[in-house]
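# Notes for the structure review
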Amino acid sequence: MKIHLCDSREEATRSAAALVYQQVAAKPCSVLGWATGGTMDALYSELVLLQQQRPLYWRELVSFNLDEYVGLSTDHPKSYRFYMRHRVFIPLGINEDCTHLLRGDVSDLDDACMAYERAIAEAGGIDFQLLGIGENGHIGFNEPGSSMDSRTRFTRLTLQTIEANQRFFAPGEFQPHTALTMGIKTILEARQIVMLALGAKKSAAVAAMVEGPLSELCPASALQMHPATTLVLDPDAAQSLTQQNNHRRAHPIKDLKA
Ligand code: GLP
């Protein structure tokens, strides 16, 4: 795992956005894995800014999203599909026919998950997977206890995740407690993975992922087995790592605005 320890939240976000931009610049027909969550907000804003300054051609891109809530229609404002359309696909000029998101509103969820795995395989696998991390070490919606061999599937969210994501829902609004997610094995098959983690709330999960044992109790620790993962951290997310000096500036990322 390459660890890129940044001096600020802004630098970390810019660095992770630069890695996405560079991937698409180098290979416009990339198969990209998108993530959602609050951490990705600023990254996607940065990507849209980069696009305005140094436009790229995004219409050849094929993409797969990590996860989706169960029980929200595709046009529900709190669905990840709605978020991706409005925050990423439309602003970047992405061909939506080439985007794939799990459907949490269909009657046969298992079938939707199997079809998703087939679609990833038919696209030739994921070149570049973007990831955030949950406070409990989840990746996608692979909660603690998820098998390292897991594939795209239905999952129940832990109380900790439900509480962490409550901020995205208005009081009294329906908040899903179940989701569909790419499995850990599905994620590990991506050729390259970039994780962005920001803020002190992520520091325990980051330390467990990097310095703890490979364990299903910390799903993100599975990334220790992945040959090409870059972890981009701000100082707060890195604060519990005991080997910070080894990571500082060890793997510089080109700042596209410099
Ligand atoms: C969410 C998503 C994850 C995301 C994580 C962190 O529930 N399913 O893919 O990485 O939790 O979210 P945030 O960036 O809001 O802290």
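Preceding this paragraph is the structure being described.
Now for a look at the structure at hand. (Residues numbered from 1 in each chain as written. Predicted model: local features only at pLDDT ≥ 70, side-chain atom pairs only at ≥ 80, totals over all residues. Heavy atoms only, no water.)

### Considerations on the overall build of the protein chain
Using the following cut-off: Note on conventions: DSSP H or I runs of at least 4 residues are helices, E runs of at least 2 residues are strands, and numbering of each starts at the N terminus. Based on C-alpha atoms, the radius of gyration is set beside the globule rule, defined as 2.2 Å times the residue count to the power 0.38. Under the scheme applied here, a residue whose accessible area is under 20% of the maximum for its type counts as buried, over 50% as exposed, and between as partly exposed, the area being computed with a 1.4 Å probe on protein chains only. Contacts between residues were defined by any pair of non-hydrogen atoms, one from each residue, lying within 4.5 Å. Only the protein chains shown count as covering a residue, and every accessible area follows the Shrake-Rupley method with a 1.4 Å probe.
For the protein chain, the count of helices and strands is nine helices and 10 strands. Computed over C-alpha atoms, the radius of gyration of the protein chain comes to 17 Å, within 12% of the 18 Å expected from 2.2 N^0.38 for 258 residues, which places it in the range of a compact globule. Overall, the C-alpha framework of the protein chain stretches about 50 × 40 × 40 Å when taken along its three principal axes. A buried classification covers 54% of the 258 residues belonging to the protein chain. Nonlocal contacts in the protein chain, meaning residues at least 24 apart in sequence, comprise 79% of its contacts between residues at least 6 apart. Accessible surface for the protein chain amounts to roughly 11100 Å². Of this, 51% is attributable to carbon and sulfur atoms.

### Quick word on the sheet that holds strand β9 (residues 192-197)
The following threshold applies: Pairing between strands requires that DSSP locate at least two bridges from one strand to the other. Axis lines are fitted through C-alpha atoms, for helices just across the contact stretch, and the angle between N-to-C directions can take any value from 0 to 180 degrees.
What the seven strands build is an open sheet, ordered β1-β10-β9-β6-β2-β3-β5; its pairing is parallel. Two strands lie at the open edges of the sheet, namely β1 (2-5) and β5 (99-100), each paired on one side alone. Against the sheet, helix α7 (residues 203-211) contacts β1, β9 and β10 (229-233), and its axis sits at roughly 150 degrees relative to β10.

### Section: the site of the ligand
Test applied: Distances are taken per atom, and a residue is near a molecule or strand as soon as one of its heavy atoms is within 4 Å of it. In the analysis that follows, any N or O atom pair within 3.5 Å is treated as a polar contact, provided that within protein one partner can donate a hydrogen and the other can accept it, and provided that, for residues neighboring in sequence, both atoms belong to side chains. Throughout this entry, Asp, Glu, Lys and Arg are counted as charged residues, while Ala, Val, Leu, Ile, Met, Phe, Trp, Tyr, Cys and Pro are counted as nonpolar. The remaining residues, Gly among them, count as polar.
The full set close to the ligand counts 16 residues, and G38, T39, D67, R167 and K202 are the nearest of them. Taking G38, its main chain carries an N or O atom lying 2.7 Å from an oxygen atom of the ligand. Residue T39 places a side-chain N or O atom 2.4 Å away from an oxygen atom belonging to the ligand. Against a free-state accessible area of 390 Å², the protein chains account for coverage of 95% of the ligand. For the shell around the ligand, the class distribution of residues is five nonpolar, eight polar and three charged.

### Points about the packing of aromatic side chains
For clarity, the threshold we go by: Aromatic pairs are defined between Phe, Tyr and Trp rings, using the six-membered ring for Trp, whenever the two ring centres lie within 6.5 Å; interplanar angles under 30 degrees are classed as stacked, those over 60 as edge-to-face, and all others as tilted.
Under the criterion given, the structure shown has eight aromatic pairs. Their ring planes at 25 degrees and their centres at 6.4 Å tell us that W34 and W58 sit as a pair that is stacked. Separated by 24 residues along the polypeptide, W34 in strand β2 (residues 31-34) and W58 in the loop between α2 (38-53) and β3 (62-65) bring together distant segments of the chain. The burial state of W34 is the same as that of W58; both residues are buried. When the centroid spacing of 4.9 Å and the interplanar angle of 40 degrees are considered together, the rings of Y69 and Y80 count as tilted. Of the two residues, Y69 is situated in strand β4 (residues 67-69) and Y80 in helix α3 (residues 80-92); the sequence distance between them amounts to 11 residues. Look at Y80 and you get buried, because its relative accessible area is 11%. Ring pairing ties together the aromatic residues W34, Y44, W58 and Y83, which thus form one cluster.

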